[in-house]
Amino acid sequence: MTAGAYIVWSLIGFAGLLAVPAVSHTNAGTTFSLVASSMAFVGMGIAQFLATRPPLIERLFGGLDRIYQLHRKIGIAVLVLILAHYFITPDFKGLALTSGLNQLAAFAGEYAFYGFVILLVLSLVKIVPRTRIEIPYHLWRITHRLIGLLFVMVAFHQMFIKRPYDGTALLANYLNVFAAIGIASYIYTQLLPWMRTRSYEVFDVNRHEGATIISARPTGRALKAKPGQFGFFRVNKPGLREPHPFTIAGIDDDGVVRFAIKALGDYTKALREGIAVGDAVTLEGGYGHFNHRRGGKKQIWLAGGIGITPFLAMASRLRGDEGQDIHLVYCVRDRSEAIGLETFETQAEKLQNFSFSLHDSAKDGRLDAGKIVAASTVDPGEADLWFCGPPPLRAAIEKGLKALGKAPRRVEFEQFQFR
Ligand SMILES: Cc1cc2nc3c(=O)[nH]c(=O)nc-3n(C[C@H](O)[C@H](O)[C@H](O)COP(=O)(O)OP(=O)(O)OC[C@H]3O[C@@H](n4cnc5c(N)ncnc54)[C@H](O)[C@@H]3O)c2cc1C
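On a predicted model such as this, the values are computed, not experimentally measured, just so you know.

*Asks:* Honestly, the nonpolar core in this entry has me stumped. Any pointers?
*Replies:* Side chains of nonpolar character tend, in soluble globular proteins, to be buried together. One finds Val42, Met44, Ile46, Ile74, Ile82 and Phe116 to be the most contacted residues of the largest nonpolar core, which totals 51 residues. Among the secondary structure elements, those contributing two or more residues to this core are helix H1 (3-23), helix H2 (28-50), helix H4 (64-87), helix H5 (99-124), helix H6 (137-160), helix H7 (170-195) and strand E3 (230-235). Counting residues domain by domain, this core receives three or more from each of domain 1 (3-194) and domain 2 (196-287). Dropping the residues within four chain positions of it, Val42 is found in contact with Leu11, Ile12, Ala15, Tyr174, Leu175 and Phe178. Of all hydrophobic cores here, the second largest spans 27 residues; its members include Ala249, Ala315, Ile326 and Phe344.

*Asks:* Looking at this structure, I do not really get the sheet that holds strand E1 (residues 197-207). What am I missing?
*Replies:* Pairing between sheet strands relies on hydrogen bonds along the backbone, with the strands arranged either parallel or antiparallel. Pairing in this open sheet of 7 strands is antiparallel, and the strands run E4-E3-E7-E1-E2-E6-E5 from one edge to the other. In this open sheet, the two strands that pair with only one neighbour each are strand E4 (244-247) and strand E5 (250-251). Of the pairings in the sheet, the one linking E5 to strand E6 (residues 257-261) comprises 2 bridges and is antiparallel in character. Its bridge partner being in E6, Gly250 is matched across the sheet by Arg258. Relative to the sheet, helix H8 (residues 266-274) contacts E1, strand E2 (212-218), E3, E4 and E6, its axis offset from that of E3 by approximately 60°.

*Asks:* Is there a simple way to explain unusual backbone geometry in this structure?
*Replies:* Excluding glycine, most residues fall at negative phi; most peptide bonds, likewise, are trans. The omega torsion of the bond from Gly285 to Gly286 falls at -15°, within 30 degrees of zero and hence cis. Considering the arrangement of structural elements, one finds Gly286 in strand E7 (residues 280-287).

*Asks:* Would you take a moment to explain the site of the ligand for this structure?
*Replies:* In the region of the ligand, 24 residues are neighbours, and Glu134, His244, Pro245, Lys262 and Thr268 sit closest. Within the side chain of His244, a nitrogen or oxygen atom sits 2.6 Å from an oxygen atom of the ligand. Between the ligand and the protein, one listed contact pairs an oxygen atom with a backbone N or O atom of Lys262 at 2.7 Å. Surface burial for the ligand is 89%, taken as the share of its 910 Å² of free accessible area covered by protein chains. Elements that contribute at least two residues to the shell around the ligand include exactly E4, E6 and H8. The element best represented in the shell around the ligand is E4, accounting for 4 residues.

Conventions used here
Residues numbered from 1 in each chain as written. Predicted model: local features only at pLDDT ≥ 70, side-chain atom pairs only at ≥ 80, totals over all residues. Heavy atoms only, no water. Core = buried A, V, L, I, M, F, W, Y, C linked by side-chain atoms within 4.5 Å. Buried < 20%, exposed > 50% of the residue type's maximum accessible area, 1.4 Å probe, protein only. Helix = DSSP H or I, 4+ residues; strand = E, 2+ residues; numbered from the N terminus. Domains from an automatic or database assignment. Contact = heavy atoms within 4.5 Å. Pairing = 2+ DSSP bridges. Axes fitted to C-alpha atoms, helices over the stretch in contact; angles between N-to-C directions. Near = heavy atom within 4 Å. Polar contact = N/O pair within 3.5 Å; in protein donor to acceptor, adjacent residues only side chain to side chain. Areas by Shrake-Rupley, 256 points an atom, 1.4 Å probe, with all protein chains shown as cover.

This is the structure:
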């Protein structure tokens, strides 16, 4: 668990701790219900904050992809807690500001509860159970945005509903702080697309067998990103406006960026067909924490398919003086799919500390741990494993290396999935 996750769960737990003395003079059911609702409310406020993609605290959480995972876990916890609050109805004689406001707050709480349950279930369920129907990402995104509005309703509910403690209690102040954080974060996320974006123009499109390689130059201020980071990418053209995350596969000193995008779904297929030289692109980033510089002296980089993109950016920036010995294993289904080979070969020839092997599954069979040990110039048992690719490949290689007594010292991986 990251330091950020510890802080988040402690803040949520602290709401429960503050709630106990504030409400325990009521009965046990009411105490339980209000402890749950206080914790849920703080969880909601924090989830809104995490959705602002805070770059300064990414380090605390180990990258934006991990922040999104935590955000999802908080969503599950909130769902359980609000169900407990709803079904164990608080019953006490308490303080209400005015009866009109109290009624409105009860009404807001009830409808926000229904909305939350529907939207949280929609957000958490990727594939409809017992079917192969996947909830489309754009639908997920629209419904997810409404959660912020529901949070505003819940904030109103918690401030004006009848409570068994007064407005100066520590708990009330604590909850108000998270109401403010959550509402400010929601407003900020709605403004984010206009605040943190940069304008680019496409000057080259290469429809390579393995990916569509898009090169673009800034038309104003350039994006700031480290090799291995990713950005949100969208084309200002009908059908291609939805922002999608892609690793910045190359970034030059003059701000020129390259993306390698595999056509795997609706958007990426439409992008392959529709993008053209001269198109205006909007980028937001760079995000993420996947950078070998913070790793050990010996490293094995393992890429599966399109998972090569962060390594392409990192390898092209190697100068040889990093004090790190690196071996890249690039696993592809078929050699024709491989991208960036020229960059890897040139760097491997030029630099002492970088070597590279291509695993062509069509010719060499399934990649396993033994083949990595045989191909690598770096001993996996003494190295960090940096991985980007399909999770089952990582699991199989980690297991295989362990069985060979060559478990890597640590494993770092990039998730190509947020949901
Ligand atoms: C940090 C990161 C870096 C990535 N880097 C690359 C890369 O360099 N090259 C590459 O080809 N792919 C990369 N991907 C994957 C890429 O974002 C998805 O393949 C793409 O968004 C799928 O969209 P689609 O509509 O074509 O496919 P769909 O079949 O509609 O979606 C497939 C899955 O992709 C995810 N997804 C879809 N739309 C979005 C969206 N707007 N925002 C976030 N996730 C979405 C969802 O989990 C969805 O279930 C990266 C993903 C992440 C999270």
